[in-house]
Structures are given as structure tokens and as C-alpha cells.
Amino acid sequence: MQFLSVWLRAAQDHQHGPAAPPESPLLRNYRPKFFDAADFAALQAFTEILIPTDDTPGAREAHCAHFIDFVLDASPQATQKQWRDAMTALRTAGFHTGDATARAALVEATDRSASHPCHAAYRLIKQQNTFAFYTSRTGMIETLDYRGNSYNDAFPACNHPEHHKV
Amino acid sequence: MTYDAIVVGSGACGGWAAMQLTQAGMKVLMLEAGSRVDPVKDFKHEFLYEMDYRGQGKPGMMRRYAGSERNYRIMLDNQENPYTTSPETVYRWGRSRVLGGRTLHWARATDRMADYEFKAASRDGYGMDWAVTYAAMKPYYDRVEGFIGVSGAMEGFLQFPDGVFLPAMPLNCAEAIFTAASKSLGWPTTHRRLAQLTRVHNGRPPCHYCGNCVNGCDVGAMFSTVSTTLPPALKTGNLEVRTDTVVARIRMNRENRAQGVTYIERYTKKSIDVDAKYVILAASTLENTRLMLLSEKAGLANSSGTLGHYMMDQVGGGGVTGFLPKLKGGPARLDDGKSAGITIPNFQNIDKKTARKDFIRGYVMNATGGQTEFPQYAASLPGYGSAWKKEVKSRYVAQARVWIAGGEMLAQKENFVELDPEVKDAWGIPVLKIHFSHSDNDRKLLADFQEKAEELFRKAGGEVMPDAPRGGPVGFPGAPGSPDAGPSPAGRGQRQPRRQTLGGSIHEVGTARMSTSPKEGVLNSFCQTHDIPNLFVFGGNAFPSTGDKHPTLTMMALTARGCDRLLELAKGKKA
């Protein structure tokens with residue numbers, strides 16, 4: 001019976017603020033564990049080109065590169081190798097040492113051509129960067145304005161007449 | 001001590017049986033193989049960014065557990081509870097071991113079956129009719145719905161019988177668009193009928209539209225054993241609940257009656273016998289059958305030879321995903337807070353006029369759309385940079401999907417379960433080996449659904465997204481789309497439908513079907529075994545066919561009906 005009374009108390013104490021909670025402190029002062037400094041800097045630059053800071057926050061504010069490093073540090077060797085190979089491809093293509101213009105040009109080239117030597121690296125980083133960004137508070141709340149996971153008195157019904165006819 | 005009844009399992013049927021029997025004065029022992037849940041700790045709402053691994057768990061963790069980082073505690077440990085399959089089988093057995101079972105995270109769809117399903121064999125000649133009719137079931141549907149609380153709209157569709165409803169949940173914009181499109185095609189259309197409260201009901205609060213249904217409802221607005229049937233059962237003082245008790249077999253006496261069961265304590269592995277006047281199996285369909293197979297060499301109550309056979313699961317896996325241009329660029333809205341959608345009941349093969357020549361039976365469609373927690377489509381949108389970000393945002397509120405809610409899978413004797421001769425679970429109990437494959441009819445039915453789903457999408461003005469992505473890089477453990485990832489980010493909302501992929505719906509039924517004649521099935525219409533009068537089996541076991549409705553309500557109504565019978569027997573009113 002004790003757990004049921006706890007359960008009922010949870011209903012009474014139930015709290016959802018209108019504001020989403022803050023992000024986890026995990027990545028705030030995070031130091032890369034998987035990538036070395038050069039690869040991490042390159043990865044960070046790449047993620048920020050893919051999801052730039054503009055009128056809304058981007059990969060930098062969402063700590064996307066940090067999240068990727070954090071997950072990779074706990075990942076199996078096969079996955080880690082996939083990412084090391086990706087960074088090797090970028091390094092070979094000059095991304096690590098290129099200036100901002102050269103880096104932007106390389107990203108554009110890899111996006112355009114599936115046969116580009118760095119295309120696999122581009123796909124890999126784009127996919128995980130997208131996940132990292134839109135599962136962060138920066139991406140989910142500040143950029144997309146996600147409204148779920150909240151307490152609501154009622155469900156907002158569609159009140160647009162144009163949606164009720166074909 | 002000899003209990004009046006032992007109930008094995010605490011899901012939808014076990015919870016109902018415990019409530020009904022204890023309220024009638026019976027002393028009941030409920031045995032649950034899993035643990036109790038801590039509602040405060042386990043049912044909290046968390047944003048993905050509050051979790052270190054964003055809902056996916058540490059890489060590799062979710063290979064061990066079913067579900068996601070958010071809800072694996074109310075799912076199952078695969079290492080403790082393995083099962084095996086034959087080489088031709090492609091089947092994923094979705095299970096739970098926890099007090100409350102799958103009611104803690106079920107889809108809540110609460111639909112009545114109709115006579116065209118109960119009497120399908122008489123109409124098209126395939127399989128076997130049910131030993132009950134809609135008229136026999138209606139009072140029990142009424143009773144169950146009235147107690148657990150079901151939101152829905154009265155429609156008058158003969159193939160989708162109305163029930164005892166609380167007010168329906170409002171439609172979001174995408175659902176309104178799909179409703180208009182479906183009606184313009186001449187298809188029956190209604191709100192999804194959900195065991196989810198829209199107002200205070202029997203002391204339980206209404207839904208607050210947070211969208212966390214599959215992670216355990218933190219206020220009990222959705223029906224579960226823990227929120228709904230267990231409290232009144234405990235209140236009687238007649239119920240004893242023992243969790244972490246793994247039932248290993250049913251013990252028989254010399255009078256061909258069940259004496260009781262033997263269970264193994266989950267952590268101490270100590271074997272304990274308990275006795276009762278009635279034994280009720282309600283441990284989920286396949287676990288019930290496993291117990292009967294474990295209890296006698298040829299299977300308990302198996303004079304018909306059908307125990308384990310005619311396994312079915314509703315055809316799933318189809319779907320269309322894309323966008324509704326009407327909604328692009330619109331403001332953010334709470335679209336996924338009810339985890340619901342609309343329902344398009346089956347409208348084919350329900351009578352001579354609607355008969356198809358190329359396949360028999362039918363399917364139910366669901367549709368919804370709008371904002372979701374994670375934009376699954378984003379990584380596959382071409383490009384990058386600010387323009388890409390804007391496109392992701394524009395499409396965010398315009399997401400749309402149609403999926404097959406339940407397609408009837410034909411019963412085949414060749415689909416069966418048996419005990420694996422070699423593999424045992426963590427307690428040394430032989431596990432199930434599943435033999436399961438689909439028929440041509442199943443494939444044709446799914447193909448027809450796919451055509452209709454795309455037709456609906458087009459009518460709604462939608463853009464179909466071919467080969468809808470599940471997001472995340474393949475081979476990156478822990479991210480969506482990776483082999484060990486859950487069906488959607490952290491298990492929220494609906495599963496991401498896939499095109500043309502036959503799969504199960506976690507609606508496994510059959511393996512101890514009901515029959516009028518003891519020669520044709522294991523159970524009678526009261527879910528009492530033909531062979532052993534004090535052994536009842538509640539779950540999907542009795543189903544001779546799947547129908548196209550979600551099965552839980554029918555399982556519960558059969559349980560209520562069976563408990564009425566059991567109480568009459570106990571009082572000596574029936575032979």
C-alpha cells in the first residue's frame with residue numbers, strides 16, 4: 001500500500017513549469033576525452049558550419065561536439081574507428097589546417113558530391129550533430145519551441161476552419 | 001494457507017481478475033515476476049537534454065533492456081528472460097515484467113470487436129468463429145469501459161461499436177486535416193478511443209497532455225493496473241501481492257484439478273509452493289502458454305492438441321510519413337501531448353458489398369501529425385547551414401504520419417510456440433521457441449493498407465517522405481536508428497512507421513484458442529480450460545482470430561466474463 005500512497009501523492013504534487021528545465025551541467029565545462037585537441041577543434045568547427053549560430057543558437061551553444069565526444073568515449077571500438085577514420089579523411093583533405101573560407105568550401109563540396117572522399121565523414125557528422133543539436137535544450141526549446149512534456153489544463157484543439165475541409 | 005484464487009500476472013487481465021474476485025470476497029494471491037515501481041522515481045517527466053545520453057542510455061545498455069532509457073525499468077531485462085525463434089521466424093516479442101505489466105506503457109487504444117470479426121469464419125470460410133458473440137460480450141465491454149474510463153466519440157459504425165465514453169480528446173491541426181481528407185474519401189473516421197481520462201473519473205485525475213504515456217503516467221490518467229484496478233483490490237483487504245516471484249509451473253492434484261503453483265523467488269532463487277482453489281493465468285498470452293507447456297509433458301489442458309498453436313499477432317509495420325504543406329511554417333503548438341490521433345475503422349470485407357476478391361479480413365488506420373519531441377526527418381533533409389535550419393523549423397509543425405493500427409493476421413496452425421529444449425532463463429526455466437511467419441493474405445492486406453494510406457496522404461495534400469528516416473547514424477550505438485536504439489527517441493509517442501515491412505504489433509494472441517468443442521481448442525467461452533475446471537487463462541490466448549481492433553479491451557471483457565463464471569462456480573451455482 002505504501003507505494004500506492006506515494007503514487008497518489010505524486011499526482012497531487014505534480015509539477016510542470018511553463019518553462020522547460022535547464023540543461024544538464026554535464027557538458028558545460030566538459031573536456032574532450034575521445035578526440036585529441038586537433039580533431040576536437042576540427043569537429044567543433046565542422047558542427048558549427050552545419051548548424052551555425054544565426055538569429056537562433058547553433059551547434060556551438062548546444063555543445064554538439066562535446067556531446068559527440070562524450071558518447072564516443074563510451075562507444076564500442078567499431079564505432080570509435082568509424083569516427084577516427086572520418087577525422088583522418090578530413091585531416092587528409094586539409095580541413096584541420098584550413099582557414100574559415102577553405103573549411104566552408106570543403107563542407108560545401110562534401111555536401112554536393114557523394115563521391116567526395118569526405119562525404120562519409122560529412123554524413124556521419126551531420127547525422128550525429130543533428131541528433132546532438134535537437135535533443136539539446138538549445139535545439140529543442142530555444143530553436144524549435146517544443147511545447148510537450150508540460151502541464152496543460154486542456155489540449156489545444158485545432159480552431160482553423162481551413163483545416164476542417166479538403 | 002489455501003487461497004481462494006492465485007492470479008499469475010498483474011497486467012490488464014490480472015489486475016481486473018484480482019479486483020473482481022477480491023471485491024466478491026475471495027482471498028486472492030497475486031504473483032508478479034517483476035518488481036514494484038516507484039511512481040515518483042520512475043514516472044517523472046524528463047527532457048532528453050536532462051539525460052546524459054539523451055534518452056538512449058549508455059551505448060550498449062539498451063541491448064539488454066526493452067524500451068528506452070526513459071522506460072526500461074517498466075519493460076524487461078532481455079538477459080534474464082531470453083526466448084528463441086526458428087530460422088524462418090522474424091518476430092520481436094515485446095514484453096514487460098513489472099507490477100502492472102504492459103498497462104504501464106501501452107498504447108491505450110480501447111476498441112470493441114464487432115460481430116463481423118467474431119463471426120468472420122462463417123462469412124468467408126477461413127478459420128473458426130469465436131465461441132462468443134457481440135451480444136454476449138457487450139455487457140462486459142460496458143462494465144470494463146465504464147470502470148477504466150475511455151475517451152471517444154459515438155459514431156454508430158456497425159464495424160466499430162460505440163461504447164461507454166468520456167468526452168473525446170480534441171483534434172490537433174494535422175488530425176483535423178486528415179479527418180477532412182478521410183471523410184471526403186467516404187471513409188469512416190473518428191477520434192482514437194483511448195483509456196485515457198478527459199475528466200475526473202472514479203477518483204482519478206484527467207490527462208494533462210504531457211505526452212509521456214509510454215513512460216508511465218505520473219498521475220494515473222491513463223488506465224493501468226497500478227492506477228485503476230489494484231487500489232480497489234487492495235482496499236478490500238483480500239489481496240496479497242508478491243512481486244519478484246517467477247512462476248515455474250502449475251501443480252496438479254489427483255482429482256485432475258490445479259492444486260496451486262510453484263514459484264521461484266527472483267533474487268534468492270528459492271522455490272515456493274502455494275495452493276489455491278482456482279488458478280488464474282494472466283501473465284500475458286505467450287507466458288500463459290509457456291506455463292501450461294511447462295506443467296505437463298504434453299502441455300496442460302491439451303487434450304485437443306492445439307495448445308501452443310495458432311499463434312497470431314496483428315499485422316503491423318506499414319505506414320506513410322511526410323509533411324502537410326498547409327501547416328508548414330506555422331507557430332509551435334502542443335501537438336503530441338495526448339499521443340493520440342484519429343482512427344479510420346476497417347471498411348472492407350465487412351459484408352458482401354464490401355468484399356474484396358484479393359484478400360480477406362481488414363485493418364484499422366490511424367493518423368496524426370504536428371510537432372514532436374525530436375525531428376526525425378532533419379538529418380535527411382538536404383543541405384546544411386542557416387537555410388537548412390529554417391527548413392527543419394518550417395517542417396517541424398507540419399510533420400504527418402499514417403500507420404496501420406491493427407491488421408488482421410490469419411490464424412495458421414503452423415505458427416506455434418514450444419519449449420526450447422536447450423535454452424533456459426535466469427531461473428533455469430526452459431524458454432519459449434517461437435515459430436512464426438506471415439501468409440500471402442497478410443502481405444496483400446498490408447499492401448492494400450499502404451495504397452490506402454498513400455491515398456489518404458494525397459487527399460490531405462501531404463508530401464510523402466519516401467523511406468522515412470529514423471534519424472541518427474547507423475552504427476552509432478545509442479543514437480536513434482542504430483541497432484540497439486528504441487523505436488523512437490526515448491520511446492515517446494508513436495513508433496516510426498516503416499513502409500512495406502511486415503511486423504508484429506505487440507498484439508500477440510492465440511495459442512490456447514476458445515472453442516465450443518473441447519476437441520478444437522483449449523478454452524471454453526469463459527476462458528476456462530476444457531480439461532481442468534479450476535484453471536482459467538486470461539489474456540489473448542482465447543482468440544481464435546485477431547480481428548482488426550486492438551485486443552486489450554476484449555481481453556479484459558473476457559476476463560470479466562470469466563470471473564463471473566468462476567464466482568458462479570465457487571458459489572455452486574454452476575456445475
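Before reading further, recall that the structure is shown in the block above.
Since the model is a prediction, treat every value here as computed from it, not as a measurement.

The rules behind the values
Residues numbered from 1 in each chain as written. Chains lettered and ligands numbered in written order. Predicted model: local features only at pLDDT ≥ 70, side-chain atom pairs only at ≥ 80, totals over all residues. Heavy atoms only, no water. Buried < 20%, exposed > 50% of the residue type's maximum accessible area, 1.4 Å probe, protein only. Helix = DSSP H or I, 4+ residues; strand = E, 2+ residues; numbered from the N terminus. Pairing = 2+ DSSP bridges. Expected span 1.5 Å × (residues − 1). Axes fitted to C-alpha atoms, helices over the stretch in contact; angles between N-to-C directions. Parallel < 35°, antiparallel > 145°, perpendicular 65-115°, else oblique. Contact = heavy atoms within 4.5 Å. Nonpolar A, V, L, I, M, F, W, Y, C, P; charged D, E, K, R; others polar. Phe/Tyr/Trp six-rings, centres within 6.5 Å; stacked < 30°, edge-to-face > 60°. Buried area = accessible area lost by both parts, 1.4 Å probe. Salt bridge = Lys/Arg side-chain N within 4 Å of Asp/Glu carboxyl O.

Engineer: Help me get a handle on the pairing of strand S12 (residues 399–407) of chain B, residues and values and all.
Structural biologist: Residue and element names in this part refer to chain B. For S12, a buried count of nine out of nine residues is recorded, marking the element as mostly surrounded by other parts of the structure. With five bridges connecting them, strand S9 (residues 319–323) and S12 associate as antiparallel partners. Residue pairing for S12: Gly322 is matched across the bridge by Ala400. Both strand S11 (residues 363–369) and S12 contribute to a ladder of seven bridges, which runs antiparallel. Bridged to Asn366 within S12 is Trp403.

Engineer: Could you give me a rundown of helix H12 (residues 552–570) of chain B, with the residues and numbers involved?
Structural biologist: Taking 1.5 Å per residue as the helical rise, H12(B) with its 19 residues ought to reach 27 Å, and the 26 Å between its terminal C-alpha atoms agrees with that figure. The element H12(B) is largely enclosed, with a buried count of 16 among its 19 residues.

Engineer: Give a description of the packing of helix H4 (residues 64–73) of chain A against helix H7 (residues 119–134) of chain A that names residues and reports values.
Structural biologist: Residue and element names in this part refer to chain A. For the pair H4 and H7, the least separation of the axes is 9 Å and the interaxial angle reads 110 degrees. Our classification of the angle between H4 and H7 gives roughly perpendicular. Contact residues: Cys64, Phe67 and Ile68 in H4; Gln128, Asn129, Phe131, Ala132 and Phe133 in H7. Within the contact of H4 with H7, the residues separate by chemical class into six nonpolar, two polar and no charged.

Engineer: Give a description of the packing of aromatic side chains that names residues and reports values.
Structural biologist: Residue and element names in this part refer to chain A. Throughout the structure, instances matching the rule amount to 27 aromatic pairs over all chains. When the centroid spacing of 6.3 Å and the interplanar angle of 85 degrees are considered together, the rings of Tyr30 and Phe70 count as edge-to-face. Here the residue Tyr30 occupies a position in the loop between helix H1 (2–13) and helix H2 (37–50), and Phe70 occupies one in helix H4, the gap between them amounting to 40 residues. Accessibility expressed as a relative area gives 10% for Tyr30, which makes it buried. Among the residues examined, Phe70 registers a relative accessible area of 9% and is labelled buried. Look at Phe34 and Phe35: their rings are 4.8 Å apart centre to centre, the planes differ by 75 degrees, and that puts the pair in the edge-to-face class.

Engineer: I'd love a proper account of the sheet that holds S12(B), names of residues and values included.
Structural biologist: Two modes of strand pairing occur in sheets, parallel and antiparallel, and in both the strands are linked by backbone hydrogen bonds. Residues and elements named next belong to chain B. Ordered by their spatial adjacency, six strands build an open sheet running S4-S10-S11-S12-S9-S15, and the pairing between neighbours is antiparallel. Two strands lie at the open edges of the sheet, namely strand S4 (190–191) and strand S15 (463–464), each paired on one side alone. This element, helix H7 (residues 173–184), spans strand S10 (342–344), S11 and S12 of the sheet and lies at about 140 degrees to S11. Where helix H11 (residues 440–459) meets the sheet, its contacts fall on S9, S10, S11, S12 and S15, and the angle it forms with S12 comes to roughly 150 degrees.

Engineer: Go over the interface of chain B and chain A, please, and point to the residues and values.
Structural biologist: When the parts of a complex come together, some accessible area is lost, and that lost area is often used as the size of the interface. If you look at the interface, chain B gives 81 residues, while chain A gives 75 residues. Counting the surface lost from both chain B and chain A, the interface buries some 6,500 Å², and carbon and sulfur atoms represent 66% of this. Summed over the three residues of chain B that lose the most area to chain A, namely B:Tyr49, B:Arg54 and B:Tyr384, the buried surface amounts to 13% of that side. On the surface where chain B and chain A come into contact, there are two salt bridges. A salt bridge links B:Lys389 to A:Asp54; the nearest nitrogen and oxygen atoms lie 2.9 Å apart. Of all the elements in the fold, those that place two or more residues in the side of chain B that touches chain A are helix H2 (39–42), H7, helix H8 (225–235) and helix H10 (385–396) of chain B. Tallying contributions element by element places H10(B) first for the side of chain B that touches chain A, with eight residues. The class makeup of the residues in the side of chain B that touches chain A is 45 nonpolar, 16 polar and 20 charged.

The values are spatial; any link to function lies outside them.
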